[in-house]
Amino acid sequence: MPRKGLRSMLFGSRSPSPMSSPSRSTIPPSSPHQTFCETLLDENIETAQSLIEKWDSDDVTASSLFHGDDRLEAGQYLNAVKDLQSTMHLIISKSSASVKLVRAQVLMETAMKRLQKEFYQIMSSNRQYLDPESVSTHSSRTSTVSSFSDFEDELENEFRVTTESISEMERVSAAAMADLKAIADCMISVGYGKECVKIYKTIRKSIVDEGLYHLGVEKTCLSQIQKMDWGVLEYKIKNWVNAVKVAVKTLFYGERILCDHVFSASESIRESCYSEITGEGATWLFSFPEFVAKCKKSPEKMFRTLDLYDAISDLWPLIDSIFSFESTSAVRSLAMNSLLKLGEAVRIIFADFESAIQKDTSKAAVRGGGVHPLTRYVMNYVAFLTDYSEILADIFADWPLSIQSPLPESYFGSLESADVSSSSISVRFVWLVLVLLCKLDGKAELYKDVALSYLFLANNLQYVVAKVRDSNLRFLLGDDWVAKHEEKVKNYAANYERVGWSKVYSSLPADPTADISSEQTKECFLRLNASFEEAYRKQISWVVPDAKLRDELKYSVSRRLVPAYRAFYEKHRDGLGRKCGSESLVRYLPENMDNYLSDLFFGAGEVGVVSSASSSPSPSSHYLGRRRG
């Protein structure tokens with residue numbers, strides 16, 4: 001019977017009654033059966049009294065029921081208390097005003113005080129063994145169990161059968177948990193649950209709060225977050241991502257295990273304890289990402305926002321499990337709301353990033369037709385985004401791409417034919433790259449020299465293709481996309497060569513070994529000198545950052561120009577040698593032509609070209625194209 005009922009029966013009425021002070025003369029003669037029953041009651045009270053009074057000491061440290069490995073007397077004590085409770089029920093059924101009931105109630109009060117002390121002592125002295133990390137580590141040994149109740153049964157078995165595989169810390173932790181459970185079960189069963197619950201909540205909340213403090217979790221508000229510099233906020237986000245993993249997997253998880261185990265006798269007490277111990281700290285913890293999601297959006301915040309989303313998404317099944325009580329539903333809701341707000345923030349930043357590419361208004365042409373800063377920024381950004389492709393796929397799962405753009409229809413064919421999966425995130429990555437390439441087409445028009453504009457397109461597309469090929473973008477865009485755009489790079493390179501070198505190529509006759517007049521020969525040499533010098537002076541400042549593309553361009557020009565020039569030179573040099581001033585016609589020896597070409601595409605500026613007005617030593621002295629060191 002609960003103690004309130006007992007106390008009201010014992011002390012609620014002060015009026016005398018025939019039953020309040022029994023005497024032998026007023027008690028009817030007892031039957032043999034009644035005498036035997038009373039004898040049993042007396043024996044139970046006497047047994048309980050001997051144990052309870054023995055341990056009725058304030059010297060808790062020196063005298064502890066649960067000290068050492070022997071729990072025999074502790075078990076006897078708890079059984080005596082339970083038997084005393086049963087005895088009190090029997091006494092009440094016979095006479096609620098019995099003197100024996102008063103005596104039993106006094107013993108019960110004494111026993112409860114003792115068990116309160118024992119409970120507090122176990123909680124305090126085993127603080128290091130009952131910290132959430134130790135409890136959660138211990139629970140990992142039973143990770144195959146399907147529920148918290150299964151874990152409790154497993155824990156009991158482990159405590160009963162201690163093997164060599166269990167560590168000392170685990171052994172002490174398991175023993176302390178079993179002792180606390182035994183005391184809590186006893187006190188709850190006799191109606192004194194509030195006393196041990198109060199002790200438990202006080203000590204355990206301080207442990208959880210201390211753990212959160214050391215993890216850097218603190219109470220914040222939206223205005224504080226909004227006023228922080230990005231560098232400070234970024235640091236706090238990194239810290240939070242690390243902290244939430246420990247908080248959920250260790251602090252809250254360990255506390256749930258301990259709470260469910262100790263108070264397995266009462267679901268309402270388990271819920272009340274866990275809610276009060278973890279509720280405040282969990283609210284502080286999961287408010288932070290929601291506040292971050294509500295801050296001003298910018299592309300630089302994308303990756304940290306994704307980190308927050310990833311952390312909560314990864315932990316959500318455990319969050320949903322350990323905060324499954326109705327009283328902790330607010331924590332679940334807060335975590336889920338943070339997840340939704342972060343997803344919304346990612347979609348906004350993604351859209352803003354695309355818009356920023358389309359709205360880029362920089363009018364300065366990159367020197368030498370090199371890789372544009374926008375190309376580097378966008379492709380590095382997109383390549384980093386692919387590390388979060390699974391998360392982005394989840395965020396955009398219900399948000400199909402809606403294209404409303406001024407891009408020419410010719411670009412949409414590329415999007416439709418790209419060798420990518422049907423997932424929305426793959427299409428979005430294809431689209432982002434497509435938007436960039438369209439923007440680069442516009443920036444190519446800033447160059448007045450058509451050959452340079454083609455070189456610019458080749459350089460930038462080569463950079464894009466290399467980034468796709470060497471990152472996770474390849475798995476999203478597909479090998480077919482890479483192959484098609486590699487072919488486009490070749491087309492741009494061919495157009496550069498056609499426009500940039502056609503005048504040089506055409507200065508030689510179609511058949512360089514054909515017989516022509518000396519006047520025609522002279523004209524060919526003069527045209528070649530002028531056109532090659534013009535091309536060289538112009539292109540020496542141009543740049544091709546990619547080594548492979550640079551070598552391919554040089555080889556292509558050299559393969560077409562040098563053999564033809566060598567054949568022409570070999571055919572006509574003897575005839576020129578007999579004419580006065582012929583040396584001035586041969587400005588470049590065939591073997592030197594490659595040296596000139598090797599100087600190209602490093603952005604070196606104008607170097608080493610002999611002007612048409614210079615003096616003309618013998619042809620053998622014109623080794624003019626050696627690479628500059």
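Look up a bit, the structure's there.
Now for a description of the structure that goes with this document. The shown structure was predicted, so the numbers you read here are calculated from the model rather than taken from an experiment.

A short note on the overall build of the protein
Logical step 1: Helices and strands together make up the secondary structure of the protein, namely 23 helices and zero strands.
Logical step 2: The 629 residues of the protein split such that 48% are buried.
Logical step 3: A separation threshold of at least 6 residues defines the contact pool for the protein, and within that pool the share at least 24 residues apart is 82%.
Logical step 4: Summing over all exposed atoms, the protein offers an accessible surface of approximately 30,800 Å²; the carbon and sulfur share of this is 52%.

Focus: the packing of helix α14 (residues 373-385) against helix α18 (residues 450-469)
Logical step 1: At a minimum axis separation of 10 Å, α14 and α18 run at an interaxial angle of 15°. Put simply, α14 runs roughly parallel to α18. The element α14 and its partner α18 pack so that their crossing is right-handed. Contacts between α14 and α18 involve Thr375, Arg376, Met379 and Asn380 on the former and, on the latter, Asn460, Tyr463, Val464, Lys467 and Val468.

Side note on the state of the cysteines
Logical step 1: Applying the stated criterion across every chain, the model contains zero disulfides.
Logical step 2: Of the cysteine sulfurs around Cys186, a residue in no disulfide, the closest is that of Cys196, at 9.7 Å.
Logical step 3: For Cys186, a relative accessible area of 0% corresponds to the buried category.

What about the nonpolar core?
Logical step 1: Of all hydrophobic cores here, the largest spans 177 residues; its most connected members are Phe119, Tyr200, Trp240, Phe252, Phe263, Phe286 and Trp501.
Logical step 2: In terms of residue count, the dominant contributor to this core is helix α10 (residues 230-262) (15 residues).
Logical step 3: With residues near it in sequence (within four places) discarded, Phe286 still touches Trp240, Val244, Val248, Ile319, Val331, Leu334, Ala335 and Ser338.

Concerning the pattern of salt bridges
A side chain with one charge can pair with a side chain of the opposite charge if their charged atoms come near.
Logical step 1: Taken as a whole and judged by the stated rule, the model has 24 salt bridges.
Logical step 2: Among the salt bridges present, the one from Glu210 reaches Arg127, with a minimum N-O distance of 3.4 Å. In this pair, Glu210 is assigned in helix α8 (residues 193-214) and Arg127 in the loop between α4 (99-125) and α5 (132-139), connecting sequence segments 83 residues apart.
Logical step 3: By relative accessible area, which is 33% here, Arg127 ends up partly exposed.
Logical step 4: Measuring nitrogen to oxygen at the nearest pair gives 2.7 Å for the salt bridge that ties Lys201 to Glu276. Of this pair, Lys201 sits in helix α8 while Glu276 sits in helix α11 (residues 267-293), placing them 75 residues apart in sequence.
Logical step 5: Through salt bridges with shared partners, a single ionic network connects Lys205, Asp209 and Glu280.

Points about the environment of Leu101
Logical step 1: Here Leu101 shows up in helix α4.
Logical step 2: Considering only alpha carbons, one finds Leu101 and His89, 12 residues apart in sequence, at a separation of 9.0 Å.

Comments concerning the packing of α4 against α8
Logical step 1: Direction vectors running N to C along α4 and α8 enclose 20°, while the axes themselves pass 10 Å from each other. When the axis of α4 is compared with that of α8, the two are roughly parallel. You can see that α4 and α8 cross each other, and the crossing is right-handed. Of α8, the residues touching α4 (which contributes Gln116, Phe119, Tyr120, Met123 and Ser124) are Glu195, Cys196, Ile199, Tyr200, Ile203 and Arg204.
Logical step 2: When its residues are assigned to classes, the contact of α4 with α8 shows seven nonpolar, two polar and two charged.

Comments concerning the packing of aromatic side chains
Logical step 1: Applying the stated criterion across every chain, the model contains 24 aromatic pairs.
Logical step 2: Measuring from ring centre to ring centre gives 5.9 Å for Phe532 and Tyr596, while their planes differ by 90°; the resulting arrangement is edge-to-face. In this pair, Phe532 sits in helix α21 (residues 518-539) while Tyr596 sits in helix α23 (residues 590-598), placing the two residues 64 residues apart along the sequence.
Logical step 3: What makes Tyr596 buried here is its relative accessible area of 1%.

Thresholds, definitions, all that
- Residues numbered from 1 in each chain as written.
- Predicted model: local features only at pLDDT ≥ 70, side-chain atom pairs only at ≥ 80, totals over all residues.
- Heavy atoms only, no water.
- Helix = DSSP H or I, 4+ residues; strand = E, 2+ residues; numbered from the N terminus.
- Buried < 20%, exposed > 50% of the residue type's maximum accessible area, 1.4 Å probe, protein only.
- Contact = heavy atoms within 4.5 Å.
- Areas by Shrake-Rupley, 256 points an atom, 1.4 Å probe, with all protein chains shown as cover.
- Axes fitted to C-alpha atoms, helices over the stretch in contact; angles between N-to-C directions.
- Parallel < 35°, antiparallel > 145°, perpendicular 65-115°, else oblique.
- Left-handed = near helix turned anticlockwise from the far one by under 90°.
- Disulfide = S-S within 2.5 Å.
- Core = buried A, V, L, I, M, F, W, Y, C linked by side-chain atoms within 4.5 Å.
- Salt bridge = Lys/Arg side-chain N within 4 Å of Asp/Glu carboxyl O.
- Nonpolar A, V, L, I, M, F, W, Y, C, P; charged D, E, K, R; others polar.
- Phe/Tyr/Trp six-rings, centres within 6.5 Å; stacked < 30°, edge-to-face > 60°.

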